[in-house]
Amino acid sequence: MSKIRLMVPGPVEVDPAILLTMACEEISHYSEEAISLYNFCVSSLRKLFHLNMDGDVFIMPGSGSIAMDTCIGSMVRRNDTVIIGVNGTFSERTRSQALAYGANVQEVRVPEGKAVTAELIDEALIRHREAKAVILTHLETSTGVISPVKNIGEVTNNHNVPFIVDAVSSFGIDEFLLDEWNVSICGSASQKGLESPPGLGIVAVTARGWREIEKKGPSCNGWFSDVQVWKRTLTGKEIRKGVVYPLPMTMPVNNIRALEASLNSIKTEGAEARMKRHSVIAHSVRKGLTALGFELFPPDGCYSSGVTVVRNNQNIQVDELIRFIKYQYRTEISNGLFDLYNRIIRIGHIGATAYPDAVIPVLFGIEQYLRKKGRFIPIGASLGEFDNLLFKEGIEV
Ligand code: PMP
């Protein structure tokens, strides 16, 4: 039986050739080969983050939550007032993480499906002059909403407050300019926009972030979740019996191999071209779903190129639709989480699934489901946008 394509908003499909890179014998994590794999990944990630040489990238065993825990643990101290934009499940998680580190959390809460705005963060920073950090989730994966990191970075810069960003699901797909947007520290993961298997958390610290962390001094927030520990090891200040080893713990080297392979494939396509491809596909999916009568869940201009979310304004059983698409069209898409269950539909089109061959069956399947429910919809009504679509790879017909 054919495999089921993975079009949830992460983890994403991984190219079998990339998966195969993991099927090799173990090497020590402190061997030259492992260190050179790690260094290659760090320098490729630096480019994707638009991070200057005076900042650092760390790749760690774990996932996006580990990366965000490290960002927050490194930058927040007990009793610090922290302003957090909350607009869904994952920004809610950053709130729990800050609370776990003893922060005095001041929420800027907006309804799910809305973006956190620069004006709201500015007002909160005026109300809380004592604030020691702002935390924002770039792409709130539970709703598909992108919040304006660039504009909020201008505000945090004006108030001279560190800016922590969750870029777990946006990184690699949606534009993200770490230094230029005044971000101090941000977290991501291997299994979304980087098209790698789950298993790695990624943290990037800008020069600005380092200055802020140094000013705060030791974190007292544990060991793993302190980038100062990672930096000390990297700079050889923790030398074990004369061996300078850049990482403080055993690394899942096979995951780093896979990441190297996916970063190479991103490089071959070109990061800009790849982002453009995602944006064109996302546009076509939005057009297709609105042609079927769905309402986009994020406000205009807050769309992500990797995840499309629509409101269930047609009163369908979303869980039934998802089962129909999964077994009839061999593709898994997502329901809403918690309160949004059966109220929205979430489709991930990231990496290998950001092509017409992956999104067309999903759109067609949704059409077909609606027809089965008695709606009159001409065949192909959601596919008009593909008529004049892109990907001119030399085939004119
Ligand atoms: N933040 C965001 C925006 C996410 O989408 C996710 C995962 N869906 C996380 C954090 C948590 O990441 P992980 O599941 O890799 O720990």
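J.: Explain empty space enclosed by the protein here, please?
T.: Any empty space left between atoms is shown by rolling a water-sized probe over those atoms. Per the stated rule, a full pass over the model turns up two cavities of 30 Å³ or more. There is about 60 Å³ of room inside the largest cavity. Lining the largest cavity, in full, are His29, Ala34, Ile35, Leu37, Tyr38, Tyr245, Leu247, Met251, Val253 and Ile256. Only helix H2 (32-49) and helix H9 (253-269) provide two or more residues apiece to the lining of the largest cavity. The element that contributes the greatest number of residues to the lining of the largest cavity is H2, accounting for four residues. Here the lining of the largest cavity is built from residues that sort into nine nonpolar, one polar and no charged. By volume, the second largest cavity is sized at about 30 Å³. Around the second largest cavity, the lining residues are Gly144, Arg286, Leu296, Pro298, Tyr303, Ser304, Val307, Thr308 and Val309. Among the elements that take part in the lining of the second largest cavity, strand E12 (residues 307-311) stands out by supplying three residues, more than any other. Residue classes in the lining of the second largest cavity are distributed as five nonpolar, three polar and one charged.

J.: What is the right way to read the nonpolar core from this model?
T.: Soluble globular proteins tend to bury their nonpolar side chains together. Membership of the largest hydrophobic core comes to 77 residues, with the highest contact counts inside it found for Leu45, Phe49, Ile164 and Phe176. Among the elements that make up this core, the one with the highest residue count is H2 (nine residues).

J.: Where do I start with the environment of glutamate 212 in this structure?
T.: Mapped onto the elements, glutamate 212 comes out in helix H7 (residues 207-216). Along the sequence, glutamate 212 and phenylalanine 163 sit 49 residues apart, while their C-alpha atoms lie 9.9 Å from each other.

J.: Where do I start with the sheet that holds strand E2 (residues 56-62) in this structure?
T.: Picture the strands of a sheet paired through backbone hydrogen bonds; they go either parallel or antiparallel. Here we have seven strands laid out as an open sheet, ordered E2-E10-E9-E8-E5-E3-E4, and mixed in their pairing. For this open sheet the edge positions go to E2 and strand E4 (104-109), each flanked by a neighbour on one side alone. On average, each strand axis in the sheet is tilted by 20° relative to the strand beside it, whichever way the strands run. Pairing between E2 and strand E10 (residues 199-205): seven bridges, direction antiparallel. What sits directly across from aspartate 56, in E10, is valine 205.

J.: How should the sheet that holds strand E15 (residues 344-348) be read in this particular structure?
T.: Judged by pairing direction, the sheet is antiparallel, and its four strands sit side by side in the order E11-E12-E15-E14 without closing on themselves. In this open sheet, the two strands that pair with only one neighbour each are strand E11 (295-296) and strand E14 (334-335). Pairing of E12 with E15 involves five bridges; the strand directions are antiparallel. Bridging across to E15, threonine 308 finds its partner in isoleucine 347. In this fold helix H10 (residues 271-291) packs onto E11, E12 and E15, with an angle of close to 15° to the strand it touches most, E12.

J.: Is there a simple way to explain the pattern of salt bridges in this structure?
T.: Pairs can form between side chains of opposite charge once their charged atoms are near each other. Enumeration according to the criterion identifies 16 salt bridges in this entry. Put simply, glutamate 13 and arginine 5 hold a salt bridge, and the shortest N to O gap is 2.8 Å. Considered together, glutamate 13 and arginine 5 belong to a single accessibility category, that of buried residues. Across the pair arginine 109 and glutamate 107 runs a salt bridge, and its minimum N-O distance is 2.7 Å. Arginine 109 gets classed as partly exposed once you look at its relative accessible area, which sits at 46%.

J.: I keep staring at the site of the ligand and nothing clicks. Help me out?
T.: Taken together, 13 residues sit near the ligand, with Ser63, Ser65, Thr141, Asp166 and Gln191 positioned nearest. Taking serine 63, its side chain carries an N or O atom lying 2.6 Å from an oxygen atom of the ligand. In the model, an oxygen atom of the ligand is placed 2.8 Å from a nitrogen or oxygen of the glutamine 191 side chain. Contact with the protein chains covers 87% of the free accessible surface of the ligand, which is 390 Å². Spatially, the ligand is embedded in the second largest pocket. For the shell around the ligand, the elements supplying multiple residues, two or more each, are helix H3 (64-75) and helix H4 (89-100). Here the residues of the shell around the ligand are counted per class, giving three nonpolar, seven polar and three charged.

J.: In this structure, what is going on with the pairing of E15? I would like to understand it.
T.: E15 sits mainly inside the fold: five of its five residues count as buried. The side-chain alternation of E15 yields two buried faces, one formed by Ile344, Arg346 and Gly348 and the other by Ile345 and Ile347. Where E14 lies against E15, two bridges are found, and the strand directions are antiparallel. Along E15, the bridge assignment pairs asparagine 335 with isoleucine 345.

J.: Quick question: what am I supposed to make of H3 here?
T.: Since the α-helix advances by 3.6 residues per turn, residues separated by three or four positions end up pointing in the same direction. Spanning 12 residues, H3 covers 17 Å between terminal C-alpha atoms, matching the ideal 16 Å at 1.5 Å per step. Extensive coverage of H3 is indicated by the burial of nine of its 12 residues. For H3, every residue scored as buried is listed here: Gly64, Ala67, Met68, Thr70, Cys71, Ile72, Gly73, Ser74 and Met75.

Procedures and definitions
Residues numbered from 1 in each chain as written. Predicted model: local features only at pLDDT ≥ 70, side-chain atom pairs only at ≥ 80, totals over all residues. Heavy atoms only, no water. 1 Å grid on protein atoms, 1.4 Å probe; cavity = no way out; pocket = protein on both sides within 12 Å on 5 of 7 lines; lining within 4 Å. Points joined across faces, edges and corners; volume = space filled by probe spheres on them. Helix = DSSP H or I, 4+ residues; strand = E, 2+ residues; numbered from the N terminus. Nonpolar A, V, L, I, M, F, W, Y, C, P; charged D, E, K, R; others polar. Core = buried A, V, L, I, M, F, W, Y, C linked by side-chain atoms within 4.5 Å. Buried < 20%, exposed > 50% of the residue type's maximum accessible area, 1.4 Å probe, protein only. Pairing = 2+ DSSP bridges. Axes fitted to C-alpha atoms, helices over the stretch in contact; angles between N-to-C directions. Contact = heavy atoms within 4.5 Å. Salt bridge = Lys/Arg side-chain N within 4 Å of Asp/Glu carboxyl O. Near = heavy atom within 4 Å. Polar contact = N/O pair within 3.5 Å; in protein donor to acceptor, adjacent residues only side chain to side chain. Areas by Shrake-Rupley, 256 points an atom, 1.4 Å probe, with all protein chains shown as cover. Sits in = over half its atoms within 2 Å of the grid points. Expected span 1.5 Å × (residues − 1).

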